Amino acid sequence: MTTERADLLVVGAGPAGLAAAVTAALGGLRVTLLDAGPGLGGQYWRHPAPGAARELRSSTRRYHHDLRTYAALTDSVARLAERGALAYRPNHQVWTAAVSDGTSGGFVAHAVDRGDARAEPRARRYSGSRLLVATGAYDRQLPFEGWDLPGVFSAGGLQALLKGNGARAGSRVVIGGTGPFLLPVAVGLAQAGAEVAAVCEASSGAGWLRQARALSGVPGKLVEGAEYAAELARYRIPLRPRTAIIAARGDRRVEEVTTARLSAQGAVVPGSQRTLVADTVGVGWGFAPQLDLAVTLGCELTGSADGNEVVVVDAGQRTSVPGVSAAGEVCGVGGAVLALREGQLAAEAVLADSGREPVTGAADLERVRRLVAAHRAFATAMHTAHPLPPRWGEQVGDDATVCRCEEVTAGAVRAAVDEGAGDARQVKQLTRAGMGWCQGRMCAAGVECLVRSTRPDAPSAGAPLRMPASERLVATPVPLRALVAESDA
Ligand SMILES: Cc1cc2nc3c(=O)[nH]c(=O)nc-3n(C[C@H](O)[C@H](O)[C@H](O)COP(=O)(O)OP(=O)(O)OC[C@H]3O[C@@H](n4cnc5c(N)ncnc54)[C@H](O)[C@@H]3O)c2cc1C
């Protein structure tokens, strides 16, 4: 197996990785851009797969924002690729990354190439003097009765179906969870012709009142908020604050949804339950950064206001590991504009460290730094105003499945806590919750909430919620054939 070499390896072609790859290549570095998906743009600019019908591509445009920036970046990738300055490798899932063991130093990314649907996935190896991790985030979930019924989706999943396939998952939808991301999902579904019966927002909204300073730094977000409010009114979508979806029921798929009011601590208010008819449910409790590669590489992490661990970076997005940078949601969930600008800053720092001239002028660079600071302050305000309900675990019945891969119930998690487990890691050791195919991506937050509500004296219970990132040497399932090819080499 040959190894393709570059000055900079970028993993992730979302807003952060795209901006970084283009900036670095414009600055004269040879860049390889790897992404697990079939197209450029990540979650924010998810599009139908290349080759999809033109009608589908144009009908999904309405779900997007700032397509001008997307078009400029994708055009740049095409031009830079033609010049041989940038190699874009779609359908390449990096399953691990490491410091290169050769004499030249640098890093190696081990990927599975799934580009040819008719052939077996192939092992590929890429090396770079420097590496940028821009692997984004995934939806954060909390368990509730019936959350594993067909018809229950993550909010991001509903959005991905709209943007990537032009498909609405159902006709009558209830959206729940917390955070501003629920709004574009509800509006997108309504634009696609679905009836959105309610958006159940667990927080009261009052938390924003204490965040006036953070809001004043990002006036664009206020405009966006007002636009969504107008769209909700236009489609007659009720927004119910301090309300949550607590059950989905149906024979073989969702037929009805129970919602309830929440107390300030996130406990269900007795007698406040309501039943809504629905065939589809979309739930999102914010996002969790996709940290596998950063953890494997040894990057230092810190806690963020939403309870996630995130990669520690300096003003140039350099991590604690020399030569490794990080940008976008892996450094903290904060939206596409932040991701884009962090990617730009990361590339400028890599150019400076490589002795190259900057691509961005000094005044513009200063403006970008200010923008990043303002969006980070906004992100902290958003996390503070939309916390996970601390007492969520109390209303999850013993029969509810918490870890869906290993089929571990809430009752089994509680029994493990009674036996002495004090955090999600110990629960995993006793029950296998988090050891299955998704490696805890779906259940980690739920297990942590159950531990806290079952054992208020647990070491983690009084502290702010912090979900520890797991070390996964193999970040994603990888066929043995690909590993064999690697070992032959
Ligand atoms: C399902 C989902 C839908 C979302 N939809 C929206 C939306 O509609 N509007 C909005 O404002 N925000 C949305 N978000 C939030 C959004 O993630 C960010 O605001 C923005 O896209 C972050 O940019 P990023 O570059 O950090 O990460 P992303 O855009 O997530 O890009 C990360 C990229 O890394 C790739 N990747 C990850 N791991 C690997 C690996 N091991 N090997 C190779 N490639 C890898 C992914 O395929 C992805 O393309 C969504 C998030 C999720 C999880």
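For the structure, see preceding data.
Bear in mind the structure is a predicted one, so any value in this text is a computation, not a measurement.

S.K.: Talk me through helix 9 (residues 336-353); I want residue IDs and the actual numbers.
M.R.: Given a rise of 1.5 Å per residue, 18 residues ought to cover 26 Å, and the 26 Å separating the end C-alpha atoms of helix 9 matches this to within 8%. The first or second residue beyond helix 9 is Gly355, which carries a positive phi of 75 degrees.

S.K.: Explain the site of the ligand to me, and be specific about the residues and the numbers.
M.R.: Near the ligand there are 31 residues, and of these Asp35, Val94, Gln159, Lys163 and Glu329 occur at the shortest range. Within the backbone of Tyr44, a nitrogen or oxygen atom sits 3.3 Å from an oxygen atom of the ligand. Contact distances for the ligand include 3.2 Å between an oxygen atom and a backbone N or O atom of Ala336. For the ligand, whose accessible area on its own is 970 Å², the fraction buried by protein is 89%. The set of elements that each furnish at least two residues to the shell around the ligand consists of helix 1 (15-26), strand 4 (92-99), strand 7 (137-139), helix 4 (155-165) and helix 9. By residue class, the composition of the shell around the ligand is 14 nonpolar, 13 polar and four charged.

S.K.: Residues and numbers for the sheet that holds strand 12 (residues 243-249), please.
M.R.: Within the open sheet, the three strands sit side by side as 12-13-14. Their pairing is antiparallel. Edge positions in the sheet fall to strand 12 and strand 14 (274-277), since each of these pairs with one other strand and no more. When strand polarity is set aside, the average angle formed by the axes of neighbouring strands in this sheet is 30 degrees. Pairing of strand 12 with strand 13 (residues 256-261), which is carried by six bridges, proceeds in the antiparallel orientation. Note on strand 13: the bridge partner recorded for Thr243 is Arg261.

S.K.: Can you tell me about the packing of aromatic side chains, naming the residues and giving the values?
M.R.: Scanning the entire structure with this criterion turns up five aromatic pairs. Judged by centre distance (5.6 Å) and plane angle (45 degrees), the ring pair of Trp45 and Tyr70 falls under tilted. Separated by 25 residues along the polypeptide, Trp45 in the loop between strand 2 (31-34) and helix 2 (54-59) and Tyr70 in helix 3 (residues 67-82) bring together distant segments of the chain. Taking relative accessible area as the criterion, Tyr70 reaches 13% and is therefore assigned buried. Grouping aromatic residues by their ring pairs yields a cluster made of Tyr44, Trp45 and Tyr70. When the ring centre of Tyr138 is taken as origin, the NZ or CZ atom of Arg441, which lies over that ring, is 5.8 Å away.

Calculation criteria
Residues numbered from 1 in each chain as written. Predicted model: local features only at pLDDT ≥ 70, side-chain atom pairs only at ≥ 80, totals over all residues. Heavy atoms only, no water. Helix = DSSP H or I, 4+ residues; strand = E, 2+ residues; numbered from the N terminus. Expected span 1.5 Å × (residues − 1). Near = heavy atom within 4 Å. Polar contact = N/O pair within 3.5 Å; in protein donor to acceptor, adjacent residues only side chain to side chain. Areas by Shrake-Rupley, 256 points an atom, 1.4 Å probe, with all protein chains shown as cover. Nonpolar A, V, L, I, M, F, W, Y, C, P; charged D, E, K, R; others polar. Pairing = 2+ DSSP bridges. Axes fitted to C-alpha atoms, helices over the stretch in contact; angles between N-to-C directions. Phe/Tyr/Trp six-rings, centres within 6.5 Å; stacked < 30°, edge-to-face > 60°. Buried < 20%, exposed > 50% of the residue type's maximum accessible area, 1.4 Å probe, protein only. Lys NZ or Arg CZ within 6 Å of the ring centre and 35° of its normal.

Note that every value here comes from positions in space, so none of it alone points to a role or purpose.
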